Amino acid sequence: VLGLLVWALIADTTYHLHAAYGWVMFVSIFFWILTVLFFMTYLLQLQLKFYMIPWPLVLMIFNAAATVLYVSAFVTCVAAVQPTSWRQWDYNRPRGLRGWGNHRAHAWGVLLFQFFACLAMIAYGASTFFSFRAWKGLGSNAATNQVTDH
């Protein structure tokens, strides 16, 4: 949901005029699509058919990559907002929408997608932590880890 909000809010801005916003758009759409694919895989229990794939490791690598790229996208976006937020004229909009009102809407859109990009970055970071615990088996109790010979 957070990734969907990020790229929907970016799509409402003039991301095509700024390479930094294009990077954030790519990262958010790419990982949103992959997250939906992983969700559908687990929802339909397809991971049971592909039992030879180490799914906890795959999810940990996916979440770690998403975290790193969302950090880079967030830092890129934060660094790029200052030089581009002063623009009061957007020549791609109709003439009646140009001016300070459009500038404020653009600034709020930028702030909102930065906020949701930060939340997505934190969510992927937490998922990386929990995926690591699942991969290492740190989430189970001692009774499930003991082997008994009968």
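Residues numbered from 1 in each chain as written. Predicted model: local features only at pLDDT ≥ 70, side-chain atom pairs only at ≥ 80, totals over all residues. Heavy atoms only, no water.

- Per an unreviewed UniProt entry, the chain goes by the name Plasmolipin and belongs to Leptosomus discolor.
- Its UniProt record gives the chain the following Sequence similarities (unreviewed entry) comment, quoted word for word: "Belongs to the MAL family." (UniProt positions renumbered as here; feature names shortened; annotations may be inferred.)

1. Looking at unusual backbone geometry
Argument step 1. If you check the backbone angles, glutamine 45 has positive phi at about 55° while not being a glycine.
Argument step 2. Structurally, glutamine 45 can be placed in the loop between α2 (19-43) and α3 (55-84).
Argument step 3. Owing to a relative accessible area of 47%, glutamine 45 belongs among the partly exposed residues under this scheme. (Helix = DSSP H or I, 4+ residues; strand = E, 2+ residues; numbered from the N terminus. Buried < 20%, exposed > 50% of the residue type's maximum accessible area, 1.4 Å probe, protein only.)

2. Notes on the UniProt feature "transmembrane region" (unreviewed entry) in the chain
Argument step 1. Under the feature "transmembrane region" (unreviewed entry), the UniProt entry names residues 20-44, 56-81 and 105-126.
Argument step 2. Between the first and last C-alpha atoms of residues 20-44 the distance is 36 Å; the span itself is 96% helix and 0% strand.

3. Section: the packing of aromatic side chains
Argument step 1. Under the definition given, this model contains 13 aromatic pairs.
Argument step 2. The interplanar angle of 70° and the centroid separation of 5.2 Å between the aromatic rings of phenylalanine 115 and phenylalanine 116 together place this pair among those described as edge-to-face.
Argument step 3. Note on phenylalanine 116: relative accessible area 18%, which makes it buried.
Argument step 4. In this structure, lysine 136 is placed above the aromatic ring of tryptophan 135, and the distance from its NZ or CZ to the ring centre is 4.6 Å. (Phe/Tyr/Trp six-rings, centres within 6.5 Å; stacked < 30°, edge-to-face > 60°. Lys NZ or Arg CZ within 6 Å of the ring centre and 35° of its normal.)

4. Details of the nonpolar core
Argument step 1. Val6, Ile10, Val24, Phe31, Tyr70, Phe113 and Tyr124 are the most contacted members of the largest nonpolar core, which has 23 residues in total.
Argument step 2. It is α3 that contributes the most residues to this core, 8 residues altogether.
Argument step 3. Each residue touching tyrosine 70, except ones within four places of it in the same chain, is listed here: Gly3, Val27, Ser28, Phe31, Ala117, Ala120, Met121 and Tyr124. (Core = buried A, V, L, I, M, F, W, Y, C linked by side-chain atoms within 4.5 Å. Contact = heavy atoms within 4.5 Å.)

5. As for helix α1 (residues 2-11)
Argument step 1. All buried positions along α1 are accounted for by Gly3, Val6 and Ile10. Axial view of α1: buried residues confined to an arc of 60°, hence all on one face. (Arc of directions from axis to C-beta.)

6. Some words on the environment of arginine 133
Argument step 1. As for its placement among the helices and strands, arginine 133 is situated in helix α4 (residues 100-136).
Argument step 2. Separated by 77 residues in the primary sequence, arginine 133 and proline 56 have C-alpha atoms spaced 9.1 Å apart.

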